[in-house]
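Okay, here's what each chain looks like letter by letter:
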Amino acid sequence: MTNRDDLDDLDRTIISMLTEDGRLSASEIAGRIGNVSERTVRNRIAALLQNRHIVIGAIPDPTAIGRDVQAELLIEVEPGKIDEIAAELGEYDEVGYLAAITGRYALAASVYFDTNAELFEFTEGTIGKIPGVHRVVTNMILRMYKIYGTRTTALSQREPKPNGAGRRTRRTK
């Protein structure tokens, strides 16, 4: 596997364009860049996928698909059990995001359900019964504005500021 230092400006440009619209074809990307062939873009995308620098897929807006109950979970785990518990939690479709974190809680997860009862059953009846889980703290998400770089319906319904005023850009080294 290559590391992130192996990515050049072209790779980063392709990734940026696919982040905005994962449906863009190699031809469209090449046309927007202007000085690169469709074949080069197609080969770069294949390499980015193969090296797991990117994954192309649909990111659903939980509210738009009826998953109105959304929560962030902080999970306190017995030392040495993080990977084992993460592997188990990663199998659930309701878990949209799962990461090892620093601090008192070893794992953080975003989960999506149709009802509060389903969330309760998952936190208490599923996660709470996994050996090595000491505590689950549930923080309800009241409104999701952006998920994995994609604006949700809650944010896209708001009027954008004229001329991009107030927009922030990521600083690069």
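Residues numbered from 1 in each chain as written. Predicted model: local features only at pLDDT ≥ 70, side-chain atom pairs only at ≥ 80, totals over all residues. Heavy atoms only, no water.

**Focus on helix 3 (residues 38-50)**
Next, step 1: Compared with the 18 Å implied by 1.5 Å per residue over 13 residues, the 18 Å span of helix 3 between its first and last C-alpha is a close match.
Next, step 2: Looking at the buried side of helix 3, the elements it contacts are helix 1 (9-20) and helix 2 (26-33). (Helix = DSSP H or I, 4+ residues; strand = E, 2+ residues; numbered from the N terminus. Expected span 1.5 Å × (residues − 1). Contact = heavy atoms within 4.5 Å.)

**What about the packing of aromatic side chains?**
Next, step 1: Counted by the stated rule, this structure contains two aromatic pairs.
Next, step 2: Aromatic pair tyrosine 92 and phenylalanine 122: ring centres 5.1 Å apart, planes at 75°, arrangement edge-to-face. On the criterion of sequence distance, the pair formed by tyrosine 92 in the loop between helix 4 (82-89) and strand 2 (95-100) and phenylalanine 122 in helix 5 (residues 116-126) is long-range, its members being 30 residues apart.
Next, step 3: We classify phenylalanine 122 as buried; its relative accessible area is 4%.
Next, step 4: Relative to phenylalanine 122, the ring of phenylalanine 113 lies with its centre 5.3 Å away and its plane at 50°, an arrangement referred to as tilted. Here phenylalanine 113 matches phenylalanine 122 in class, with each residue buried. (Phe/Tyr/Trp six-rings, centres within 6.5 Å; stacked < 30°, edge-to-face > 60°. Buried < 20%, exposed > 50% of the residue type's maximum accessible area, 1.4 Å probe, protein only.)

**With respect to the sheet that holds strand 4 (residues 133-141)**
Next, step 1: Taken in spatial order, the four strands make up an open sheet running 2-3-1-4, and their pairing is antiparallel. Looking at the sheet topology across the chains shown, the edges are occupied by strand 2 and strand 4. Mean inter-strand twist for the sheet, computed between neighbouring axes without regard to direction, equals 20°. (Pairing = 2+ DSSP bridges. Axes fitted to C-alpha atoms, helices over the stretch in contact; angles between N-to-C directions.)

**Considerations on helix 5**
Next, step 1: Turning to helix 5, its buried residues number three or more, namely Leu119, Phe122, Thr123 and Thr126. All buried residues of helix 5 lie within an arc of 115° about the axis, which places them on one face of the element. Turned more than 90 degrees away from the buried face of helix 5 sit Asn116, Ala117 and Phe120, all of them exposed.
Next, step 2: Buried positions along helix 5 lie against strand 1 (69-77), helix 4, strand 2, strand 3 (107-113) and strand 4. (Arc of directions from axis to C-beta.)

**Digging into unusual backbone geometry**
Next, step 1: Of note, arginine 52 is a non-glycine position whose phi angle comes to about 60°, a positive value.
Next, step 2: Mapped onto the elements of the fold, arginine 52 is located in the loop between helix 3 and strand 1.
Next, step 3: Classification of arginine 52 as exposed rests on a relative accessible area of 64%.

**Notes on the confidence of the model for the protein**
Next, step 1: For the protein, the average pLDDT comes to 84, and 76% of its residues sit at 70 or higher.
Next, step 2: Within the protein, the element-level pLDDT minimum falls on helix 6 (residues 153-156), averaging 65, and the maximum on helix 4, averaging 96. (pLDDT = per-residue confidence, 0-100.)

**A closer look at the pattern of salt bridges**
Next, step 1: Counted under the stated rule, the structure contains five salt bridges.
Next, step 2: Here aspartate 11 makes a salt bridge to arginine 44, at a shortest N to O gap of 3.0 Å. Here aspartate 11, found in helix 1, pairs with arginine 44, found in helix 3; they are 33 residues apart in sequence, far enough to count as distant.
Next, step 3: Looking at aspartate 11, the relative accessible area reads 7%, which means it is buried. (Salt bridge = Lys/Arg side-chain N within 4 Å of Asp/Glu carboxyl O.)

**Points about the environment of isoleucine 75**
Next, step 1: Checked against the element boundaries, isoleucine 75 lands in strand 1.
Next, step 2: Isoleucine 75 sits in the buried class, given a relative accessible area of 0%.
Next, step 3: Those residues in contact with isoleucine 75 that sit more than four places away from it in its chain are Leu89, Tyr105, Ala106, Leu107, Ile127, Val133, Arg135 and Val136.

**Here we look at the packing of helix 1 against helix 3**
Next, step 1: Where helix 1 meets helix 3, the closest approach of the two axes is 10 Å, and the angle between their N-to-C directions is 80°. By the angle class used here, helix 1 and helix 3 are roughly perpendicular. Each of Leu10, Asp11, Ile14, Ile15 and Leu18 in helix 1 lies in contact with helix 3, whose residues at this interface are Thr40, Val41, Arg44, Ile45 and Leu48.
Next, step 2: Its residues assigned to classes, the contact of helix 1 with helix 3 comprises seven nonpolar, one polar and two charged. (Parallel < 35°, antiparallel > 145°, perpendicular 65-115°, else oblique. Nonpolar A, V, L, I, M, F, W, Y, C, P; charged D, E, K, R; others polar.)

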